[in-house]
Amino acid sequence: MAKKTTATAQRTTTDTVTIHDAKLQRGQGGELHQTADDGDAAVLTTAQGGPVADDQNSMRVGPRGPLVVDDFHFREKIFHFDHERIPERVVHARGYGAHGFFETYASLAAYTKADLFQRPGERTPAFVRFSTVAGNKGSADLARDVRGFAVKLYTQEGNWDLVGNNIPVFFIQDAIKFPDLIHAAKQEPDRAFPQAQTAHDTFWDFISLTPESMNMVMWIMSDRTIPRSFRFMEGFGVHTFRFVNAKDESTFVKFHWKPKLGLQSVAWNEAVKINGADPDFHRRDLWQAIQSGNYPEWELQVQLFDQDFADGFDFDVLDPTKIIPEEILKPQPVGRLVLDRMPDNFFAETEQVAFMTQNVPPGIDFSNDPLLQGRNFSYLDTQLKRLGSPNFTHLPINAPKCPFAHFQQDGHMAMRNPVGRANYQPNSFNEGPRESPMRGHRSYAVEEQGTKARLRPESFADHYSQARQFYISQTPPEQRHIAAALTFELSKVETPVIRERMVSHLLNIDETLAATVAQKLGFQSMPKPADAAVPTRQDLEPSPALSIVVKGPKRFEGRKLGILVTDGVDAKLLKGIMAAIETESAVYELIAPKVGGVTASDGSWVEAHHMIDGGPSVLFDAVVLLTSTEAIDDLVMEATARDFVADAFQHCKFIGYDSSAVKLLEKAGIADALDEGVIMLPGEDGIAGFVSELGKLRVWGREPSVKLGKA
Ligand code: HDD
């Protein structure tokens, strides 16, 4: 006898079952269907709009027979699914975006006619996408990598895309090297690994053969490439651009985004663990902040300068591997960017958003930076490849929000089609838009001359001086992290000559750094310094603005406290800490030994966000241990609880604890090493004093003793 395998046979009992607020009901043949017939739900249709009677079972001949080809609903559903993916971005594949606005502080009419900078208080809608560069779309958030910081501003005179990074310099000086750089950085082509990592031979091979990358190398080996949150990183337009005013006068400009909450990064050992505990750490952070109304904010600052400044500056302002130190040219605040809304749909908005450096409104123009000019050529192509049609500007996320009119027509998926007879101009029918010499974009009328050739200017030849300046501008812990990062990355390089070549470059940057890395890599002798076209300048002053620690926050605002609680937790102390954290505009999450929560000393139930396994201390900026004499003996037996404390300690975090938690400090092996960052609560200055201490974020003085990142 044939087995009965239909849905009817498998589902037996009740006639109506509620699943996700929809109803399952039996059809005429007894099959179960999710149905809208007696509820508020919309009727499920095909893409052609036809109502669907059964979305659970494909059409077949008999209960165990073959499927039939006239099941158009099945065909359409599977066809569409098969085509859901579009190519991921060739770089910056993994990203996360949000909507917001840019608000102008004061008129910049003296410098630029760009409409968004004319009226104080004016708000321009914005969409921002943050990204990592090398990893594929599904890679982890805490990869050591540059972060993209791409801003689309929907101005009244067209979209302006400022497609920047969280680092103000770049690896290469000429866009023709970009494919080589990216090929070298991504997975090696034969083995397809490592994913989202530069710690491999091909990357360091290319870098060690490309001395112009050395300034960028210092930046990427610093903690800038392991940010704690998108919310706590800077953004940079990198290149020198031009402002052009109504009188057609030009001023050079560099763009900087400064996070209101200050800079913050994680430790490398922490990054590695975060990637395991929560590969979506940065996404979740942005999502949670915006959904809870803690809107991240950046100030736009501009460095403005003229040709005389450019001529007198130590380096070529067209060279994208150089900065203009803030101490030499102070950035001016000109507005703020606030992100206050997550996309409704990730694919429609974040995945399909198309940034292009060449999208500039009237009043903003390019300089002759060869990297910028090459980028202006590249970004249009990639959108066509990725989005599949020249009509990608018809997608709502890419469409301007100002009136627009042109004669571009047809093509795949044309959503907006011109009406009328004349689809060209000039025409005799007085139809369609006309150009406006007064309003339209005009490039700055710079006079150019020269011999056509493939060349690199002499003024781009100094590859080490600013790398040195960056290094000497860092605080001691930050310098240690650079040495440790270089050691780690080069330890993964299998080809000895590549390691040696890198150390020979480091010798031109800082001898102590080179010696530290060489010693850790086990060099028996030092290589010679790399040949340098220009000797490294020793006279450049340190620029404190280059340090993350110096630019850190003043308060714990915007950060997250992890509170480990057990049954019997002191209810009053816990409530006091939670209230103080809220007053600080920070957030907390509770971690308990079991899923669910704990019963506090006053008998109240305290709901926990995580069990210890799911809420390791790497997910928090500081931690508190609140337990009880009844619960502590069980707690210390949990390896995850001991790791929670030991990790927080070795990552130099502040740890608050109550007297019952002393045993946990002992079992975690830190009881003998307590310092000013491990604070018994409520503490001498009360809970408010403890929370104020948290604003320092890390006890860097502890680091040498725990040997975190000590190269
Ligand atoms: Fe690029 C994407 C930033 C050099 C070619 N780039 C891309 C994104 C950012 C940057 C943030 C992601 C945009 C998004 O979120 O969709 N790129 C930079 C910066 C550079 C830079 C700051 C140097 C200062 N890029 C650069 C060069 C080239 C490209 C020299 C090619 C000659 N970049 C691309 C691209 C991408 C891209 C292939 C991939 C996806 C996309 O454009 O939309 O065209």
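Residues numbered from 1 in each chain as written. Predicted model: local features only at pLDDT ≥ 70, side-chain atom pairs only at ≥ 80, totals over all residues. Heavy atoms only, no water.

A.B. asks: I would appreciate a short explanation of a nonpolar patch on the surface in the present structure.
C.D. replies: Together, Leu67, Phe74 and Ile78 line one region of the surface with nonpolar side chains, adding up to about 240 Å² of accessible area. Inspection of the secondary structure assignment puts isoleucine 78 in helix α2 (residues 72–82). (Patch = residues over 30% accessible without salt bridge, like charges linked within 9 Å, V, L, I, M, F, W, Y side chains within 5 Å. Areas by Shrake-Rupley, 256 points an atom, 1.4 Å probe, with all protein chains shown as cover. Salt bridge = Lys/Arg side-chain N within 4 Å of Asp/Glu carboxyl O. Helix = DSSP H or I, 4+ residues; strand = E, 2+ residues; numbered from the N terminus.)

A.B. asks: Would you explain the nonpolar core in this entry?
C.D. replies: If you look at soluble globular proteins, the nonpolar side chains tend to sit buried side by side. Of all hydrophobic cores here, the largest spans 50 residues; its most connected members are Phe171, Trp204, Ile207, Met218 and Leu486. When residues of this core are traced back to their parent elements, those giving at least two are α3 (178–185), α4 (201–208), α5 (214–221), α11 (465–472), α12 (476–491), α13 (496–506) and α14 (511–520). Among the elements that line this core, the one with the most residues is α5, at seven residues. Those residues in contact with isoleucine 207, other than ones at most four positions away along the chain, are Phe171, Leu181, Ser213, Met214, Val217 and Met502. (Core = buried A, V, L, I, M, F, W, Y, C linked by side-chain atoms within 4.5 Å. Buried < 20%, exposed > 50% of the residue type's maximum accessible area, 1.4 Å probe, protein only. Contact = heavy atoms within 4.5 Å.)

A.B. asks: Hey, could you run me through the packing of α5 against α12 in this one?
C.D. replies: Geometry of a packed helix pair, given as the angle between the helix axes and the separation of the axes. For the pair α5 and α12, interaxial distance at closest approach is 8 Å and the crossing angle is 100 degrees. Relative to α12, the element α5 is oriented roughly perpendicular. Here Val217, Met218 and Met221 of α5 lie close against α12, whose contacting residues are His481, Ile482, Ala485, Leu486 and Glu489. (Axes fitted to C-alpha atoms, helices over the stretch in contact; angles between N-to-C directions. Parallel < 35°, antiparallel > 145°, perpendicular 65-115°, else oblique.)

A.B. asks: Explain the coordination of the iron atom of the ligand here, please?
C.D. replies: The protein gives the iron atom of the ligand a lone donor atom, Tyr379 (OH), placed 1.9 Å from the metal. By secondary structure assignment, the location of tyrosine 379 is in helix α10 (residues 370–387). (Donors = N, O, S within 2.8 Å, 3.2 Å for Na, K, Ca; no water.)

A.B. asks: Sorry, what's going on with the domain arrangement of the chain here?
C.D. replies: You'll often see interface size given as the accessible area lost when the parts meet. Here the domain parsing of the chain yields domain 1 (7–82), domain 2 (95–168 + 226–394) and domain 3 (560–706). Relative placement of domain 2 and domain 3: their C-alpha centres are 37 Å apart. Counting residues at the interface gives 14 residues for domain 2 and 14 residues for domain 3. Summed over both sides, the interface of domain 2 with domain 3 buries roughly 1,000 Å², with 46% coming from carbon and sulfur. When residues of domain 2 are sorted by the area they lose upon contact with domain 3, Gln264, Glu270 and Lys273 head the list and together hold 39% of the total. Counting across the interface, domain 2 meets domain 3 through four salt bridges. Our count for the contact surface shared by domain 2 and domain 3 stands at eight residue pairs in polar contact (both at pLDDT 80 or more). For the side of domain 2 that touches domain 3, the secondary structure elements donating two or more residues are α6 (268–277) and α7 (281–291). The leading source of residues in the side of domain 2 that touches domain 3 is α6, at five residues. Each residue belonging to the side of domain 2 that touches domain 3 can be placed in one class, and the counts come to five nonpolar, five polar and four charged. (Domains from an automatic or database assignment. Buried area = accessible area lost by both parts, 1.4 Å probe. Polar contact = N/O pair within 3.5 Å; in protein donor to acceptor, adjacent residues only side chain to side chain. Nonpolar A, V, L, I, M, F, W, Y, C, P; charged D, E, K, R; others polar.)

A.B. asks: Hey, could you run me through the site of the ligand in this one?
C.D. replies: Looking at the ligand, there are 23 residues lining it, with Arg89, Arg129, Arg375, Tyr379 and Gln383 nearest. Between the ligand and arginine 375 there is a distance of 3.2 Å, counted from a nitrogen atom to a side-chain nitrogen or oxygen. One of the side-chain nitrogen or oxygen atoms of tyrosine 379 is found 2.8 Å away from a nitrogen atom of the ligand. With six residues, α10 is the largest single contributor of residues to the shell around the ligand. When the residues that make up the shell around the ligand are grouped by side-chain class, the tally is twelve nonpolar, eight polar and three charged. (Near = heavy atom within 4 Å.)

A.B. asks: Help me out: how do you make sense of the sheet that holds strand β15 (residues 587–592) in this one?
C.D. replies: Taken together, six strands build an open sheet; the order of strands is β18-β15-β14-β19-β20-β21 and the sheet is parallel. Pairing within the sheet leaves two strands with one partner each, and these edge strands are β18 (610–611) and β21 (678–680). In this structure, β15 lies alongside β18, joined through two bridges in parallel fashion. Following the sheet pairing, alanine 592 is matched in β18 by methionine 611. (Pairing = 2+ DSSP bridges.)

A.B. asks: Is there a simple way to explain the pattern of salt bridges in this structure?
C.D. replies: Charged atoms that come close allow side chains of opposite charge to pair. Scanning all chains against the criterion turns up 46 salt bridges. One salt bridge in this structure joins glutamate 188 and arginine 191, with 3.7 Å as the shortest N-O distance. Within this structure, Glu103, Arg123, Lys260, Glu297 and Arg336 form a network of salt bridges that share partners.

A.B. asks: What is the right way to look at the pairing of strand β10 (residues 250–259) in this model?
C.D. replies: Two faces belong to every sheet, and in a regular strand the side chains alternate between them. In terms of burial, β10 is largely enclosed, as nine of its ten residues are buried. For strand β8 (residues 235–236) and β10, the ladder comprises two bridges, and the chain directions are antiparallel. Across the sheet, residue phenylalanine 236 finds its bridge partner in β10, namely histidine 256. Here strand β9 (residues 241–244) runs beside β10; their pairing, made up of four bridges, is antiparallel.

A.B. asks: Looking at this structure, I do not really get the environment of aspartate 675. What am I missing?
C.D. replies: Mapping aspartate 675 onto the fold places it in the loop between α18 (662–667) and β21. Taking the C-alpha atoms as reference, aspartate 675 lies 9.2 Å from glycine 701; in sequence the two are 26 residues apart. With residues near it in sequence (within four places) discarded, aspartate 675 still touches Phe649, Val699 and Arg702.

A.B. asks: Even after reading the chapter, I still don't get the packing of aromatic side chains, so can you show me in this structure?
C.D. replies: Both the distance between ring centres and the angle between the ring planes are used here to describe each pair of aromatic rings. The final tally for this structure, using the stated rule, is 23 aromatic pairs. Relative to tryptophan 298, the ring of phenylalanine 149 lies with its centre 5.5 Å away and its plane at 85 degrees, an arrangement referred to as edge-to-face. With phenylalanine 149 in strand β6 (residues 147–155) and tryptophan 298 in strand β11 (residues 297–305), this residue pair connects regions lying 149 residues apart in the sequence. For the pair shown, phenylalanine 149 and tryptophan 298 are each scored as buried. A cation over an aromatic ring shows up here: arginine 123 above the ring of phenylalanine 101, its NZ or CZ 3.9 Å from the ring centre. The side chain of lysine 401 reaches across the aromatic face of tyrosine 154, ending 4.3 Å from its centre. (Phe/Tyr/Trp six-rings, centres within 6.5 Å; stacked < 30°, edge-to-face > 60°. Lys NZ or Arg CZ within 6 Å of the ring centre and 35° of its normal.)

A.B. asks: Looking at this structure, how should I read the environment of glutamate 607?
C.D. replies: By secondary structure assignment, the location of glutamate 607 is in strand β17 (residues 605–607). Expressed as a C-alpha distance, the spacing of glutamate 607 and alanine 592, which sit 15 residues apart in the sequence, is 8.7 Å. When near neighbours in sequence (up to four residues on either side) are disregarded, glutamate 607 contacts Leu590, Gly596 and Gly597. Here the side chain of glutamate 607 touches tryptophan 605 through a polar contact of 3.2 Å, side chain to side chain.

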